[in-house]
Amino acid sequence: MKSETPVFELIQPSVLEWQQNLVNQFVELKQQQKLPHAILIELRTAVDSRSFGWHLVSALLCQSETPGKPCGQCQACQLMLANNYPDFTFTTLVDNDKTHKLNKDIKIDQIRRLIHQFTLTRNLQAGKIALIYPAEKLNKSSANSLLKTLEEPSSGSTLILLTHNAGRLPITIRSRCQKWVVENPNEKLAEEWLTKQSVPTGQVSEYLSLARKDAQLALQLFQQEFKQQQDHFSTLLNKYILNQMDIVSMVKSLKITDNEKLRLVLKTELQNMIYNLLQNELTIALKHKLSGLITLLTKIDSTLQTEDNNLNLLLQLEDVLISLKQLVK
Ligand SMILES: [Zn+2]
């Protein structure tokens, strides 16, 4: 038994209906000894997907006879569940030693450790597997340090890069991997799935459209009561526009700490405004307003997108809100 504690919480493998097919294909390739050495998998969801990565790796390592579904019982599954499989390396965002906050990128030291692991002799028959997730968080130097391993694989080793956005990975990495995509389910399947997850039938399509057809995100938003937050935001925004509240108190009262959610709330608000405007006959003044709102919507995507620093984020939010007020006043 290894004594060191895992650096991240134990991860439960899980898979969704529309992801299973890909897992089956990989297990089949492995059985035929045709599994590519470097695999890049893009998931079209914004929701944390490490448990899918865990499922995939467990399925590849599982010693049972049911291909594609880790049995949970065999030695490999047990070791994976305990985060203790000796030939498996998981590289992800970790807490900074000094600040104890989550790093924004995957550091070169982490990749060096992975590469070192790959050079060691394997302990078990199945071969070595490394999973990097979210791979779009590799920084420039960690991506560069990975290139040689991608080019000159040690035999019997598999490197899986799991990402939400393959476009953010350097082309040098992408060109050295076999790329696969897990698409989101079609609308019918997504609706059925959300209903099964106890989203009320009347709200399913609303959340699905809020999440831009990302079924997992739709569920997450539902669970986080996005709708209530959206309404709260609208109320505060109205007060601010009517001069019943100043900008600083408004931003404070928002109490949204999650950047992704903040972006969604803001975007939804703007999209609603645009939609409402389009119900009118467009006068020159309204056209002007419309183009202003669209510009602002694009701005949210480009500025708030990259901002992980909370103070900066709030400043940018204020900036957007001030422009918005000027537009709709
Ligand atoms: Zn098993």
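Residues numbered from 1 in each chain as written. Predicted model: local features only at pLDDT ≥ 70, side-chain atom pairs only at ≥ 80, totals over all residues. Heavy atoms only, no water.

1. Focus: the nonpolar core
Move 1: Ranked by internal contacts, the top residues of the largest apolar core, which has 81 residues, are Phe26, Ile41, Phe88, Ile160, Leu237 and Leu321.
Move 2: When residues of this core are assigned to their parent elements, the largest contribution, eight residues, is made by helix H12 (residues 259–278).
Move 3: Those residues in contact with Leu237 that sit more than four places away from it in its chain are Met250, Glu269, Met273, Leu321 and Leu324. (Core = buried A, V, L, I, M, F, W, Y, C linked by side-chain atoms within 4.5 Å. Buried < 20%, exposed > 50% of the residue type's maximum accessible area, 1.4 Å probe, protein only. Helix = DSSP H or I, 4+ residues; strand = E, 2+ residues; numbered from the N terminus. Contact = heavy atoms within 4.5 Å.)

2. A few points about helix H9 (residues 215–223)
Move 1: If you check which residues of H9 are buried, you get Ala215, Gln216, Leu217, Ala218, Leu219 and Leu221.
Move 2: Where H9 is buried, its residues meet helix H1 (17–31), helix H7 (187–196), helix H8 (201–210), helix H10 (226–241) and H12.
Move 3: Within two residues after H9, Glu225 carries a phi angle of roughly 50 degrees, on the positive side.

3. A closer look at the coordination of the zinc ion
Move 1: Binding of the zinc ion to the protein goes through Cys62 (SG), Cys71 (SG), Cys74 (SG) and Cys77 (SG), at separations of 2.3 Å.
Move 2: Note that the zinc ion binds four donor atoms; their angles at the metal cover 105 to 116 degrees, and the shape is tetrahedral.
Move 3: Here the donor residues for the zinc ion map to a single chain with the spacing C-x8-C-x2-C-x2-C.
Move 4: Take Cys74: its relative accessible area is 12%, and that puts it in the buried class.
Move 5: Taking the relative accessible area as the measure of exposure, Cys77 reaches 3% and is therefore buried. (Donors = N, O, S within 2.8 Å, 3.2 Å for Na, K, Ca; no water. Tetrahedral: all angles 85-135°; square planar, octahedral: opposite > 155°, others 65-115°.)

4. Overview of the pairing of strand E2 (residues 88–91)
Move 1: Here E2 shows no split at all, with Phe88 and Phe90 on one side and Thr89 and Thr91 on the other all buried.
Move 2: One ladder, built from four bridges, connects E2 with strand E3 (residues 128–132); its direction is parallel. Residue Phe90 lies in a different strand from E3, and its bridge partner there is Leu131. (Pairing = 2+ DSSP bridges.)

5. Observations concerning the sheet that holds E3
In a beta sheet, neighbouring strands pair by backbone hydrogen bonds and run either parallel or antiparallel.
Move 1: Read from one edge of the open sheet, five strands run E2-E3-E4-E1-E5, paired in parallel fashion. Unpaired on one side and paired on the other, E2 and strand E5 (178–182) mark the two borders of the sheet. Taken pair by pair, the neighbouring strands of this sheet meet at an average axis angle of 15 degrees, ignoring direction.
Move 2: Relative to strand E4 (residues 157–163), E3 is paired through five bridges, and the arrangement is parallel. Note that in E4 the partner of Lys128 across the bridge is Ser157.
Move 3: Across the sheet, H1 touches strand E1 (38–43) and E5, and the angle it forms with E5 is around 150 degrees.
Move 4: Strands E2, E3 and E4 of the sheet are contacted by helix H4 (residues 108–119), whose axis makes an angle of about 165 degrees with E3. (Axes fitted to C-alpha atoms, helices over the stretch in contact; angles between N-to-C directions.)

6. Examining the domain arrangement of the protein chain
Move 1: Domain annotation for the protein chain reports domain 1 (17–183), domain 2 (186–223) and domain 3 (226–328).
Move 2: In this structure, domain 2 and domain 3 have C-alpha centres spaced 24 Å apart.
Move 3: Of the roughly 580 Å² buried between domain 2 and domain 3, counting both surfaces, carbon and sulfur atoms make up 61%.
Move 4: The interface formed by domain 2 and domain 3 contains zero salt bridges.
Move 5: Connecting domain 2 to domain 3 are zero residue pairs in polar contact (both at pLDDT 80 or more).
Move 6: Contributions of two or more residues to the side of domain 2 that touches domain 3 are made by H8 and H9.
Move 7: Take the side of domain 2 that touches domain 3: its biggest share by element is three residues, from H8.
Move 8: Each residue belonging to the side of domain 2 that touches domain 3 can be placed in one class, and the counts come to four nonpolar, no polar and two charged. (Domains from an automatic or database assignment. Buried area = accessible area lost by both parts, 1.4 Å probe. Salt bridge = Lys/Arg side-chain N within 4 Å of Asp/Glu carboxyl O. Polar contact = N/O pair within 3.5 Å; in protein donor to acceptor, adjacent residues only side chain to side chain. Nonpolar A, V, L, I, M, F, W, Y, C, P; charged D, E, K, R; others polar.)

7. Describing unusual backbone geometry
Move 1: In this model, Tyr133 is joined to Pro134 through a cis peptide bond whose omega is -10 degrees.
Move 2: Turning to its location among the elements, Pro134 is positioned in the loop between E3 and helix H5 (140–151).
Move 3: At Ser198, a residue that is not glycine, the phi angle is positive and equals roughly 65 degrees.
Move 4: You can see Ser198 is positioned in the loop between H7 and H8.
Move 5: Take Ser198: its relative accessible area is 54%, and that puts it in the exposed class.

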